[in-house]
Amino acid sequence: RAQKDLFGQAQPGLFETAFATASGDAIVSSDLLNTVLSASGTLATVFPNTTAGNQLRMAARLIAASPTLGLKRQIFFVQLGGWDLHASQVVNSDPVTGAHANLFSQISQAIDAFYKATVELGIANQVTTFTASDFGRTFRSNGDGSDHGWGSHHFIVGGAVQGQRYYGTFPAMGLNNNDEVGSGRLLPSTSVDQYAATLARWFGVSESNLGLVVPNIGGFATSNLGFMG
């Protein structure tokens, strides 16, 4: 209450006024959201108590509250760091231990719970979860991990996804072949532009506006990879 009153007072300059207005609006929005979330009840789906799990739990709660908030389309960004594995990628050459396996386990369990929550809410066909990254890892080890690479694999989960299959051309997983361009870097067969265009079209972007959302899409043979129903 005291903080709201403080931000509501007249301020000496334009900067202070803008800051006070933005801060006051944030408090009002936070109070409204807390009220809506409390009224929307709890989910039966159990989420793991992890970084990714807690973020996706909140995303599921916000989706459940979207009718009350009057929201029809939403995008949620969930971040999980720690993938820059120059070291400690595996332990004693065992692929099921080490940082890489721990990260995969966390994201797998969190997304599994999130999908189950969308099923519980009856909106699985209306929610699509996908992964993204700014770079991959090299196939060649540096002794304790791997360095920055090119191509990488991503996955898409949701009721509208044409799942249980690969899209694009799976690379030859090895060194000194046509898919490896040096230092263990794998050449991608599919562009992130095509990936984004396929998702954007499902999200409701029209064909005429697709080039505005994905400006480079005209340079590829197809703008629809076919993984969305």
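In what follows, the structure referred to is the one given above.
This text gives an overview of the structure that appears in the document. (Residues numbered from 1 in each chain as written. Predicted model: local features only at pLDDT ≥ 70, side-chain atom pairs only at ≥ 80, totals over all residues. Heavy atoms only, no water.)

## Focus on the overall build of the protein chain
Along its length, the protein chain carries six helices and four strands. When the helices and strands of the protein chain are read in sequence order from the N terminus, they spell out α-α-α-α-β-β-β-β-α-α. If you line up the protein chain on its principal axes, its C-alpha atoms span 70 × 45 × 45 Å. In the protein chain, the share of contacts with a sequence separation of at least 24, taken over all contacts with a separation of at least 6, comes to 60%. Here the protein chain has roughly 14500 Å² of accessible surface; of this, 55% comes from carbon and sulfur atoms. Separation of charge centres in the protein chain, based on 12 positive and 15 negative side chains, amounts to 8 Å. (Helix = DSSP H or I, 4+ residues; strand = E, 2+ residues; numbered from the N terminus. Contact = heavy atoms within 4.5 Å. Areas by Shrake-Rupley, 256 points an atom, 1.4 Å probe, with all protein chains shown as cover. Lys, Arg positive; Asp, Glu negative; His and termini not counted. Charge placed at Lys NZ, Arg CZ, Asp CG, Glu CD.)

## Here's the deal with the nonpolar core
Among the nonpolar cores identified, the biggest contains 17 residues, and F47, L56, A60, I63, I107, F114 and V127 are the most heavily contacted of them. Breaking this core down by element, the ones donating at least two residues are α3 (51-69) and α4 (99-121). Ranked by the residues each element gives to this core, the list is headed by α4, at seven residues. Once you skip the residues sitting within four places of it in the chain, A60 turns out to touch L43, F47, F114, A117 and L121. Of all hydrophobic cores here, the second largest spans seven residues; its members include I156, V161, F227 and M228. (Core = buried A, V, L, I, M, F, W, Y, C linked by side-chain atoms within 4.5 Å. Buried < 20%, exposed > 50% of the residue type's maximum accessible area, 1.4 Å probe, protein only.)

## Let's talk about the packing of helix α2 (residues 14-39) against α3
Relative to each other, α2 and α3 sit at 95 degrees, their axes nearing to 9 Å. In terms of orientation, α2 and α3 fall into the roughly perpendicular class. Across the interface between the two elements, L33, V36 and L37 from α2 touch M58, R61, L62, A65, T68 and L69 from α3. (Axes fitted to C-alpha atoms, helices over the stretch in contact; angles between N-to-C directions. Parallel < 35°, antiparallel > 145°, perpendicular 65-115°, else oblique.)

## Structural notes on the packing of α3 against α4
When two helices pack together, their arrangement is captured by the angle between the axes and the distance separating the axes. As a packed pair, α3 and α4 sit with axes 8 Å apart at the nearest point and diverge in direction by 15 degrees. Classified by the angle between their axes, α3 and α4 sit roughly parallel to one another. Here α3 runs over α4; the crossing is right-handed. Along its contact with α3, which presents T51, A52, G53, L56, A59, A60, I63 and A64, the element α4 presents Q106, I107, A110, I111, F114, A117 and L121. Tallied by class, residues from the contact of α3 with α4 come to 12 nonpolar, three polar and no charged. (Left-handed = near helix turned anticlockwise from the far one by under 90°. Nonpolar A, V, L, I, M, F, W, Y, C, P; charged D, E, K, R; others polar.)

## Some words on the pattern of salt bridges
The full count for this structure, using the stated rule, is three salt bridges. Among the salt bridges present, the one from R137 reaches D84, with a minimum N-O distance of 2.9 Å. Placement of the pair is R137 in strand β2 (residues 136-141) and D84 in the loop between α3 and α4, with a sequence separation of 53 residues. Look at D84 and you get partly exposed, because its relative accessible area is 41%. (Salt bridge = Lys/Arg side-chain N within 4 Å of Asp/Glu carboxyl O.)

## Some words on the packing of aromatic side chains
In the structure shown here, the tally under the stated rule is six aromatic pairs. Grouping aromatic residues by their ring pairs yields a cluster made of F130, Y167, Y195 and F227. In this structure, R73 packs its charged tip against the face of F203, placed 6.0 Å from the ring centre. (Phe/Tyr/Trp six-rings, centres within 6.5 Å; stacked < 30°, edge-to-face > 60°. Lys NZ or Arg CZ within 6 Å of the ring centre and 35° of its normal.)

## So, the side chain of T129
By the element assignment, T129 lies in strand β1 (residues 128-130). According to the relative accessible area criterion, T129 is buried, its value standing at 16%. With sequence-adjacent residues up to four places away left out, T129 is seen in contact with I111, F114, F155, I156 and V157.

Purely spatial values, then, with no claim about function.
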